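So you can see what is in the structure, the chains are spelled out below.
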Amino acid sequence: GLPAPEPLALVEWLTASVGLSAWGSPSESFAWVGDRTARFVVLPTGGEWYPTDRETGIEPMGVRVVDDDATPGTHSHPELPYEITVVE
């Protein structure tokens, strides 16, 4: 299986590589990255996501983001099946 990402390491990738902004004080148990209209919720794997009570996990994800402050181009996570394309 895929290595379980540490939430703060994933937040670091989203902010440093993709150029998105984290809100508040990210922690190992919860973080928001993005803005008030669209954001990623970063959680540890294996827990339950309120309000669905579904177990969190790693699924392939491809997302297009429009954010003037983010780094344009396609950003592929080095270990996880996450690809984020920032468009201008």
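**Student:** I tried to follow the sheet that holds strand 6 (residues 73-76) on my own but got confused; where do I start?
**Tutor:** Strand pairing in a sheet relies on backbone hydrogen bonds, with the paired strands running either antiparallel or parallel. As summarised here, the arrangement of the three strands in space is 5-7-6, forming an open sheet in which the pairing is mixed. The strands lining the two open edges of the sheet, one partner per strand, are strand 5 (61-66) and strand 6. When the angles between neighbouring strand axes are averaged without regard to direction, this sheet yields 20 degrees. One ladder, built from six bridges, connects strand 5 with strand 7 (residues 82-87); its direction is parallel. Pairing of glycine 62 across the sheet is with glutamate 83, part of strand 7. Its contacts with the sheet put helix 1 (residues 7-17) on strand 6 and strand 7, and the angle it makes with strand 7 is roughly 25 degrees.

**Student:** How do you make sense of the confidence of the model for the protein when you look at a structure like this?
**Tutor:** Across the protein, the average pLDDT comes to 90, with 94% of residues at or above 70. Least confident of the elements in the protein is strand 3 (residues 48-49), whose mean pLDDT is 78; most confident is strand 6, at 98.

**Student:** Would you mind going over helix 1 with me for this structure?
**Tutor:** Given 3.6 residues to a turn, an α-helix orients residues that are three or four positions apart in the same direction. Looking at helix 1, one finds that the buried residues are Pro7, Leu10, Val11, Trp13 and Leu14. All buried residues of helix 1 lie within an arc of 155 degrees about the axis, which places them on one face of the element. Elements that come into contact with the buried residues of helix 1 comprise strand 1 (31-34), strand 2 (39-42), strand 6 and strand 7. A positive phi of about 90 degrees marks glycine 19, the residue just after helix 1.

**Student:** Just checking my understanding: could you explain the layout of surface pockets for this structure?
**Tutor:** Its boundaries defined by the atoms lining it, the largest pocket holds a volume of some 600 Å³. Along the walls of the largest pocket sit 23 residues, with Val41, Leu43, Thr56, Gly57 and Tyr82 positioned nearest its centre. When residues in the lining of the largest pocket are grouped by element, the largest group, four residues, is from helix 1. Looking at the lining of the largest pocket residue by residue, the class counts come to 15 nonpolar, four polar and four charged. Space inside the second largest pocket adds up to approximately 160 Å³. If you trace the second largest pocket, you find it lined by Leu20, Val33, Gly34, Asp35, Thr37, Ala38, Arg39, Phe40, Val65, Val66 and Asp67. Contributions of two or more residues to the lining of the second largest pocket are made by strand 1, strand 2 and strand 5.

Analysis parameters
Residues numbered from 1 in each chain as written. Predicted model: local features only at pLDDT ≥ 70, side-chain atom pairs only at ≥ 80, totals over all residues. Heavy atoms only, no water. Pairing = 2+ DSSP bridges. Helix = DSSP H or I, 4+ residues; strand = E, 2+ residues; numbered from the N terminus. Axes fitted to C-alpha atoms, helices over the stretch in contact; angles between N-to-C directions. Contact = heavy atoms within 4.5 Å. pLDDT = per-residue confidence, 0-100. Buried < 20%, exposed > 50% of the residue type's maximum accessible area, 1.4 Å probe, protein only. Arc of directions from axis to C-beta. 1 Å grid on protein atoms, 1.4 Å probe; cavity = no way out; pocket = protein on both sides within 12 Å on 5 of 7 lines; lining within 4 Å. Points joined across faces, edges and corners; volume = space filled by probe spheres on them. Nonpolar A, V, L, I, M, F, W, Y, C, P; charged D, E, K, R; others polar.

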